[in-house]
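# Fold and geometry: a report
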Amino acid sequence: MSADPLLRLDAVTLSYPNGTRALAGVDLTVAAGEFLSLLGPSGCGKSTVLRLVAGLLSPTSGQVEWTRPAARGDIGFVFQEPTLMPWATIRANVRLPLDLAGVGRAEGDSRALAELEKVGLSDFADAYPRELSGGMKMRAALARALVTRPGLLLLDEPFAALDEITRLKLNDDLLALWRHGGFTVLFVTHSVFESVYLSSRIAVMGPRPGRIVGEMMVDLPPERDLATRTGTLYGAQCRAVSALLETAMAPASNTGRGAG
Amino acid sequence: MKELIQRSGLWLLPPLFGLILLGAWEGAIRYWEVPPYLMPAPSAVLAALWGDAALLLGSLWLTLVITLQAFLLAVVSGVALALLFSQSRLAAAALYPYAVILQVTPIVAIAPLVVIWVGYERVNLALLILAWIVAFFPILSNMTLGLRAVDPNLRDLFHLYGASRWQILWRLQLPSALPYLLAGMKISGGLALIGAVVAEFVAGSGTASGLAWRIIESGNRLNMPRLFAALTLLSLLGMTIFGLLSLIQRLLLARWHESELSKAGR
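Residues numbered from 1 in each chain as written. Chains lettered and ligands numbered in written order. Predicted model: local features only at pLDDT ≥ 70, side-chain atom pairs only at ≥ 80, totals over all residues. Heavy atoms only, no water.

Along its length, chain B carries 11 helices and zero strands. Counting helices and strands in the order they occur from the N terminus, chain B gives α-α-α-α-α-α-α-α-α-α-α. Over its C-alpha atoms, taken along the principal directions, chain B stretches across nearly 75 × 65 × 25 Å. Across the 266 residues that make up chain B, the buried fraction comes to 43%. When contacts within chain B are restricted to residue pairs at least 6 apart in sequence, those whose partners lie at least 24 apart make up 69%. Carbon and sulfur atoms make up 72% of the accessible area of chain B, which amounts to about 14,900 Å² in all. The average position of the 17 basic charges and that of the 11 acidic charges among the side chains of chain B differ by 8 Å. (Helix = DSSP H or I, 4+ residues; strand = E, 2+ residues; numbered from the N terminus. Buried < 20%, exposed > 50% of the residue type's maximum accessible area, 1.4 Å probe, protein only. Contact = heavy atoms within 4.5 Å. Areas by Shrake-Rupley, 256 points an atom, 1.4 Å probe, with all protein chains shown as cover. Lys, Arg positive; Asp, Glu negative; His and termini not counted. Charge placed at Lys NZ, Arg CZ, Asp CG, Glu CD.)

Structure representation (structure tokens):
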């Protein structure tokens, strides 16, 4: 993490109108070019952090500071669901961000096709989402998020609903895209193993109201594959992250509330 | 072969059943010698259809025109009002209750009033207004629902890419609403016909000369074959409207919507 910071969350809190506190003072720096995972139990506000960064939510207090102003299309977002328009072809779905930005049809099409090729969906450009498997739909969502060549890619537990074989494959594909794409990734997950395998750094969040309780650099070589998963180093890193997660959970069980 | 029967069998079943029913009907009328002013045989109805073709087709045309006009008017006004409601909460709050009042007031009860206001010399306009009132609400309520039934994540995605209100409406809300609109149109198409017929019954008195008036007239003269002939044409008209709207629905939704997918998968 020698690179410059891309954005910083400074004492960010978020409360809903009904009084529920989703976030209690989140401090987090995202370095340019890193693969940062946000790890925490369900309902801890990980997704909320992602939405704040995307500008879909505004903090109640605190600030989200960018080192340079984020332009339209500078952020890609992948949701838990593929979130494709069922009435449009895969090509049109991937082209959507360009269409919305007023990019011409011909250029939009060729960029969408190029992106589809990167995720291995060239043959399905003219298919409709319902004709694709869950994993393929997620690839299409990934292609759509990357079609604007964003500086920052936000992923909200994107592979949680997939079967394990598909998930492992998509993990590798995402890593390959990241390595060659030169963008920054902020990845939300509740899986210790997934976060260690993918990330260069992990930030662990405690139960609601969410805050960052610990951060850890992942001490693994940048090239990751099946051998990584079976190595002793990987196991040690997973144990370390698990320990962090356990301390994150501990205060909540002591006070016995606030996790709701 | 067995598979062929199974596959085509479901399609053949209703007409086959109809033919058996018509045969039994014809046989029963002849066997018990039922007088035609009580119950005409299918052959007599067919003869009336043929013999009174000019008269009946003229009436069919009138009913058809009023029904179609009312239906198109209902679609246009219902969609327009739903769009207004989706863009302005204020308009929705102010106007929606009146749309409901229009819907829940029985059409038979307002029909005489509308006929008097519009005037007997323009009775077709009165019929059009009444049929429109009946057909309008399913479009409005379904379209309103459809415009709201947008995947919240997709909405977020559009916001993320800085989509304008117009882009969200055109690229997201309208396609999301299409299945709802088509379902509403299917209901509304049938209601437009019902509205046109009911209105004519109320207007009565022979100034209107659609199929409903032919039924009243034939009933008064105990001309049962012609009454049944008019009734047959009405049913055929209703089925045609429903069939066409189902076809449009299938053509527009076939490739992507769940409602049409289950049919294809079978």
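What follows deals with the overall build of chain A. From N to C terminus, chain A includes eight helices and nine strands. Counting only C-alpha atoms and orienting by the principal axes, one finds that chain A spans roughly 55 × 45 × 35 Å. Here chain A holds 260 residues, and the buried ones make up 52% of them. Taking as baseline every contact in chain A between residues at least 6 positions apart, the subset at least 24 positions apart corresponds to 72%. Surface accessibility of chain A: about 11,200 Å² in total, with carbon and sulfur atoms responsible for 53%. Here chain A contributes 26 positive and 27 negative side-chain charges, whose respective centroids are spaced 4 Å apart.

On to the side chain of D99 of chain A, then. Here D99 of chain A is to be found in helix 2 (residues 90-100). The residues touching D99 of chain A, leaving out its near neighbours within four places in the chain, are Q167 and R171 of chain B.

In this section: the interface of chain A and chain B. With 25 residues of chain A at the interface, the matching set in chain B holds 20 residues. When chain A packs against chain B, close to 2,100 Å² is buried across both sides, 65% of that on carbon and sulfur atoms. When the area that chain A buries against chain B is broken down by residue, the three leading residues are W87, L100 and R130 of chain A, summing to 32%. One salt bridge in this structure joins R255 of chain B and E131 of chain A, with 3.4 Å as the shortest N-O distance. (Buried area = accessible area lost by both parts, 1.4 Å probe. Salt bridge = Lys/Arg side-chain N within 4 Å of Asp/Glu carboxyl O.)

Okay, the packing of helix 3 (residues 53-87) of chain B against helix 10 (residues 224-253) of chain B next. All names here are of chain B. The geometry of helix 3 relative to helix 10 is characterised by a closest axis approach of 11 Å and an angle of 35° between their N-to-C directions. Helix-helix and strand crossings are classified by hand; for helix 3 and helix 10 the assignment is right-handed. Residues L55, L56, L60, T63, L64, T67 and F71 of helix 3 lie in contact with helix 10, whose contacting residues are R226, A229, A230, L233, L234, L237, I241 and L245. A breakdown of the residues in the contact of helix 3 with helix 10 according to their chemical character gives 12 nonpolar, two polar and one charged. (Axes fitted to C-alpha atoms, helices over the stretch in contact; angles between N-to-C directions. Left-handed = near helix turned anticlockwise from the far one by under 90°. Nonpolar A, V, L, I, M, F, W, Y, C, P; charged D, E, K, R; others polar.)

Helix-helix packing is described using two parameters, namely the angle between the two axes and the distance between the axes. All names here are of chain B. Look at helix 8 (residues 165-203) against helix 9 (residues 211-220): their axes get within 8 Å of each other, and the N-to-C directions meet at 45°. By the angle class used here, helix 8 and helix 9 are oblique. Considering the relative orientation of helix 8 and helix 9, their crossing is right-handed. In contact with V197, E200 and F201 of helix 8, helix 9 contributes L211, A212, W213, I215 and I216. Tallied by class, the residues present in the contact of helix 8 with helix 9 amount to seven nonpolar, no polar and one charged. (Parallel < 35°, antiparallel > 145°, perpendicular 65-115°, else oblique.)

Residues and elements named next belong to chain A. Counting buried residues in strand 6 (residues 152-156) gives five out of five residues, a clear majority hidden from the surface. Residues L152, L154 and D156 line one face of strand 6 and the alternating positions L153 and L155 line the opposite face, and both faces are buried. With helix 5 (residues 164-181) bridging strand 6 and the parallel strand 7 (residues 184-189), this β-α-β connection has right-handed handedness. (Right-handed = clockwise from strand over helix to strand, strands pointing away.)

Attention shifts here to the sheet that holds strand 3 (residues 35-39) of chain A. Residues and elements named next belong to chain A. Taken together, six strands build an open sheet; the order of strands is 5-6-7-3-8-9 and the sheet is mixed. Because the sheet does not close on itself, it has two edges, and the strands there are strand 5 (75-78) and strand 9 (212-217). Looking at each pair of strands side by side, their axes are set apart by 15° on average, direction ignored. When strand 3 meets strand 7, the two strands line up parallel, connected through five bridges. When the bridges of strand 7 are listed, L38 appears paired with V188. On the sheet, helix 4 (residues 134-146) packs against strand 5 and strand 6 and is oriented at approximately 165° with respect to strand 5. (Pairing = 2+ DSSP bridges.)

Let us look at the confidence of the model for chain A. Residue and element names in this part refer to chain A. Overall, the prediction assigns chain A a mean pLDDT of 89, with 94% of residues at 70 or greater. Looking across chain A, the model is least confident in helix 8 (residues 232-255), with a mean pLDDT of 79, and most confident in helix 2, with 97. For the stretch residues 253-260, pLDDT sits under 50, and the model shows five contacts to residues farther than four places along the chain or on other chains. (pLDDT = per-residue confidence, 0-100.)

Despite not being glycine, A11 of chain A shows a phi value in the positive range, around 50°. Summarising the element assignment, A11 of chain A is placed in strand 1 (residues 5-15).

All names here are of chain A. Assigned domains of chain A: these are domain 1 (5-74 + 151-255) and domain 2 (85-149). Counting residues at the interface gives 15 residues for domain 1, matched by 13 residues for domain 2. Sorting the residues of domain 1 by area buried against domain 2 places R72, L170 and L177 first, and these three jointly supply 39% of that buried surface. Linking domain 1 with domain 2 are one salt bridge. (Domains from an automatic or database assignment.)

It is worth spelling out the pattern of salt bridges at this point. This model, assessed by the stated rule, comprises 23 salt bridges over all chains. In this structure, R95 of chain A engages D109 of chain A in a salt bridge whose closest nitrogen and oxygen atoms are separated by 2.9 Å. Of the two residues, R95 of chain A is situated in helix 2 and D109 of chain A in helix 3 (residues 105-118); the sequence distance between them amounts to 14 residues. By relative accessible area, which is 6% here, R95 of chain A ends up buried. Each of R91, R95, D99, D109 and D126 of chain A together with R171 of chain B takes part in salt bridges that share partners, so that together they form one network.

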